[in-house]
Amino acid sequence: MEDRWDILYRGPLSSCNYACGYCPFAKTRNTIAELRDDAEKLVRFIDWIECQAPREIGVLFTPWGEALIHRAYQQALLRLGSMPHVRRAAIQTNLAGNLKWLEDADRETLALWCTFHPTETKVEKFAAKIRQLRRLGIRHSVGTVGVKEHFPVITELRGLLPDDTYLWVNAIKKHPRYYGDEHVEFLSRIDPHFPVNLRNHLSQGKACRAGHTSFTVDGDGHARRCHFIDRSFGNIHDVDFAEKLRPRSCPNAVCRCHIGYANLAELKLDRIYGEGLLERIPASFNASAGSS
Ligand code: SF4
Ligand code: SF4
């Protein structure tokens, strides 16, 4: 993947139509002026992506809040899909918004990372949205947070999804003994890759793609190696930006999230996820299933 950059973009948008109790992000309401500023920054980022041809690019939007209900992000994804050098354009979403705009999406490029939040929507309603994605032939992963009180509804969701749709589970890690063996067994039956997420990966000094072929960008173009390292190593609009990317090792003690440890060389997760690494779809699962 030397000649491909995988870029995580997170602009200033911070509002969300949901209010999940476990949300690590601020539950804010953006003003119209703030949304306009976010949209302008987004367009500038997409313009920059356009100028990177012929280098292969993958983009994953990881907003603080829910972005896909905003037309600016729908337009950004459609635009990225029209660029031949963009191999993947994906976004994390709660899937609450209208999906009609996806009819115009490039099926090869676009992918959705869909998270089910049991306190905010009904499982049948969420599963119906997934069926809509399958009918449209849109690549998607489905996931949820492994809250113990939600195990019954997680079972229900698994039952409503087609067998070949991947359902990932994010482990709760704040309390080291939150899960007993039986909980880990249950969640590992739901998500065969749950044990990988459950671990805090010891990463200090280990080779990581972050800062070389993967990096994260904010609304002002500042680039950081990943979401878990605060220091910026440059700005994408600098003329010598590409020269600042190089192989590096991780300075942090541990790496906890898929969007981070997916880059950790020793885990070799590209062998499991293949082309679906960015949007979290293992190669052994059906990515879009346009016919069901
Ligand atoms: S949908 Fe996501 S961003 Fe919105 S409140 Fe829930 S966890 Fe937070
Ligand atoms: S291992 Fe994780 S925290 Fe360390 S540089 Fe890579 S992505 Fe960042």
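Quick notes on the rules
- Residues numbered from 1 in each chain as written.
- Chains lettered and ligands numbered in written order.
- Predicted model: local features only at pLDDT ≥ 70, side-chain atom pairs only at ≥ 80, totals over all residues.
- Heavy atoms only, no water.
- Phe/Tyr/Trp six-rings, centres within 6.5 Å; stacked < 30°, edge-to-face > 60°.
- Helix = DSSP H or I, 4+ residues; strand = E, 2+ residues; numbered from the N terminus.
- Buried < 20%, exposed > 50% of the residue type's maximum accessible area, 1.4 Å probe, protein only.
- Lys NZ or Arg CZ within 6 Å of the ring centre and 35° of its normal.
- Near = heavy atom within 4 Å.
- Nonpolar A, V, L, I, M, F, W, Y, C, P; charged D, E, K, R; others polar.

In the nomenclature of an unreviewed UniProt entry, the protein corresponds to STM4011 family radical SAM protein from the organism Luteolibacter soli.

A.B. asks: Could you give an account of the packing of aromatic side chains, with specific residues and numbers?
C.D. replies: The tally for this structure, following the rule as stated, stands at 18 aromatic pairs. Taking the centre distance of 5.8 Å and the plane angle of 80° together, the rings of Tyr9 and Phe61 count as edge-to-face. Residue Tyr9 is found in strand E1 (residues 4-10), and its partner Phe61 is found in strand E2 (residues 56-61); the two are separated by 52 residues along the sequence. The pair formed by Tyr9 and Phe61 is uniform in burial state, with each residue classed as buried. Taken together, the ring pairs in this structure connect Trp5, Tyr9, Phe45, Trp48, Phe61, Tyr73, Phe215, Phe233 and Phe241 into an aromatic cluster. The residue whose ring lies beneath Lys148 is Tyr178, and the NZ or CZ to ring-centre distance is 4.4 Å.

A.B. asks: Tell me what's going on with the site of ligand 2, and back it up with residues and numbers.
C.D. replies: Close contacts around ligand 2 come from Ser203, Cys208, Ala210, Arg225, Cys226, Ile229, Cys250, Asn252, Cys255, Gly260 and Leu264, and that covers them all. Its residues assigned to classes, the shell around ligand 2 comprises seven nonpolar, three polar and one charged.

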